[in-house]
Amino acid sequence: MPDPQIQGSTTSTPSLQDGLTQFLTAKSKGDESGNYRRNAKRVITRWIDWLDQRDIDDFEQLDETVLAHYAEYLRRRVAAKESETTDGGIARSTAWTYYNTISAFLGWASKWGYIQENYARAGLAQESMPERSTSQQTDQQFWTPDQREQILNYVTKRAHDAIEEKGLDAEVEARDRALVAVLAFTGVRGSEIFRSEHDNRTGRQGIRWRDVDLDEQTISVLGKNQQRQSAWLLEQAIPAVERYRTISNPPTDEWPVFPTRHAPSLYESARSHLREVEGKDGESIETMLEEGSIDGILREYQITPPAITTTGARSVMKRLCEAAEIDVCTPPEGPGYLQLHGARRGIGDTFYRMDRGTAQDLLRHQSLETTKDHYSHIDATEGAKRASEMLDQPSNED
């Protein structure tokens, strides 16, 4: 069944290249930034080139064996990286990213009848893939409970000391404490609360104070499904956020919770507002900026500054982890700091071990199966322990 969104489509099965064009068009809905399409196009194009070298250029030539050979190819590339004997190797996480992208493409093709089934989900192909990385510090880093406690203890003491010494001038230290607390106790994605450099949508410009409801313990975010969602703000994070709000004293609810401290960005925001809204000329603007503080000018004219970017937030975490002497694997084995998304994985891991449904709700997964896919290693470990205990039980037979 051809995709009705494509003009001129016929009942015949398209080539792989034409299918890719249709797939990317279908995926354009809800992908305003184009990030998914760009990444998918790159990965699938390389896969089609790999197939072309094997004289495969249409859907009808695909089967489980072809995907198993591709999985073996990825496994060899992983082995090359880990042995460091040849160039062209890739990490296990990269291999699985490639494979999952191909699986999404074939799932779409199966939906439209171009292939009988998603061959990437077949047992032979799956078994031919390299095992997923078991190192949570590299490909799938997560904040362990000890790391979470260590970084929180550091930023809390640092903020308390700064407040005692500087009072309301301790905004940076209070911000860093609140930033870590929000990451640690909400399960949010970094792109949901910080500004994306490549996505101009309103929901990707960083959370505002109007998005934070301390009484209801929620943060309104633009979720992965492109819909507004209420992320949980656990009680453990509230004192840090409350104290930070008191110290930062945002002039309006439109003020970013985590505004950038990048001076050029702040000055550019001020210049644009003073020129376009206040009607001031260039000379008077520069005089104002030279004679007054940028923070004072932004507040006086209620000029909303840009939020900190995801890149900026990563820089904050790198600095804090180094100062706190957090034990995190350094390159090439690991990133060298606690990553933004690692906080989400970490809190999800903690709750999944206690209650699967609570973990699903916290992470805002649409189905429990999605949550289980992310934490299948826990199920495997717990299952092995139960089986071992059963095997050790004495037999009832005489």
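Quick note: structure is the one above.
Values in this document were obtained by computation on a predicted structure and should not be read as measured data.

A. Quick peek at unusual backbone geometry. You will see that Gln217, though not glycine, has its phi angle at about 60°, which is positive. Take Gln217: it is sitting in the loop between strand S1 (212–213) and strand S2 (218–222). On the basis of relative accessibility, which here comes to 29%, the residue Gln217 falls in the partly exposed class. Even without being glycine, Arg364 reaches a positive phi, approximately 60°. Along the chain, Arg364 turns up in the loop between helix H15 (356–363) and helix H16 (368–374). Owing to a relative accessible area of 13%, Arg364 belongs among the buried residues under this scheme.

B. Seen up close, the nonpolar core. Core analysis: the biggest nonpolar cluster contains 68 residues, and Trp143, Ile151, Leu183, Phe194, Phe258 and Met317 have the highest contact counts within it. Of all the elements, helix H7 (residues 171–184) adds the most residues to this core, at eight residues. Leave out the neighbours within four places in its chain, and Met317 touches Trp143, Ile151, Leu179, Val180, Leu183, Tyr337, Leu338 and Leu340. Listed in part, the 37 residues of the second largest apolar core include Phe59, Tyr98, Phe105 and Tyr114.

C. Representation of the pattern of salt bridges in the model. This model, assessed by the stated rule, comprises 18 salt bridges. Lys166 is paired through a salt bridge with Glu173; the nearest N and O atoms lie 3.0 Å apart. The class of Glu173 is buried, set by a relative accessible area of 13%. Between Asp176 and Arg319 there is a salt bridge whose closest N-O contact spans 3.4 Å. Within this pair, whereas Asp176 is found in helix H7, its partner Arg319 is found in helix H13 (residues 310–324), the two being separated by 143 residues in sequence.

The rules behind the values
Residues numbered from 1 in each chain as written. Predicted model: local features only at pLDDT ≥ 70, side-chain atom pairs only at ≥ 80, totals over all residues. Heavy atoms only, no water. Helix = DSSP H or I, 4+ residues; strand = E, 2+ residues; numbered from the N terminus. Buried < 20%, exposed > 50% of the residue type's maximum accessible area, 1.4 Å probe, protein only. Core = buried A, V, L, I, M, F, W, Y, C linked by side-chain atoms within 4.5 Å. Contact = heavy atoms within 4.5 Å. Salt bridge = Lys/Arg side-chain N within 4 Å of Asp/Glu carboxyl O.

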